[in-house]
Amino acid sequence: MKQQDQRFRIAHKEAWIGCGLAAFNIVWWYGFAYTLGSKPPEEYTYILGFPAWFFWSCIVGFLVMVILVILVVKFVLKEVPFDEEVEHE
């Protein structure tokens, strides 16, 4: 039985990390947008001129995701060569 290429294991792990980041982004956005934005517009609080739900879900959420992606790329993801490995006989 042929052993699976190590690059596929790394790519599989990194794909799950990417899916986890995307899921975190959706939960962050949904949580702030629907908890703070579920009131009537007359009762909204504002931060820097934006409704609080929009500020926390879209502006701060974007900045949090940018920082998380930078950290993951810098410290978690690995550089993997794409060349075919030549087997020496």
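All of the points below concern the structure found in this document. Not measured: the values here are computed from a predicted model.

1. As for the overall build of the protein
The helix and strand tally for the protein stands at 2 helices and 2 strands. When the helices and strands of the protein are placed in sequence order, the string is α-β-β-α. In terms of overall size, the protein is more extended than a compact globule, its C-alpha atoms giving a radius of gyration of 21 Å where 89 residues would be expected to give roughly 12 Å. Across its three principal directions, the C-alpha atoms of the protein cover 75 × 25 × 15 Å. Taking all 89 residues of the protein together, the buried fraction comes to 16%. Taking contacts inside the protein between residues at least 6 apart in sequence as the whole, the part at least 24 apart equals 65%.

2. A closer look at the pattern of salt bridges
Where charged atoms from two side chains of opposite charge approach closely, those side chains can pair. Across all of its chains, the model carries 1 salt bridge by this definition. Between D5 and R7 there is a salt bridge, with the nearest N and O atoms lying 2.5 Å from each other.

3. What about helix α1 (residues 6-36)?
Look at α1: 45 Å from first C-alpha to last across 31 residues, which is about the 45 Å you get at 1.5 Å a residue. Those residues of α1 that fall on the buried side of the exposure criterion are R7, I10, E14, L21 and A33. On the buried face of α1, the contacting elements are α2 (52-75).

Conventions adopted
Residues numbered from 1 in each chain as written. Predicted model: local features only at pLDDT ≥ 70, side-chain atom pairs only at ≥ 80, totals over all residues. Heavy atoms only, no water. Helix = DSSP H or I, 4+ residues; strand = E, 2+ residues; numbered from the N terminus. Rg over C-alpha atoms; globule rule 2.2 N^0.38 Å. Buried < 20%, exposed > 50% of the residue type's maximum accessible area, 1.4 Å probe, protein only. Contact = heavy atoms within 4.5 Å. Salt bridge = Lys/Arg side-chain N within 4 Å of Asp/Glu carboxyl O. Expected span 1.5 Å × (residues − 1).

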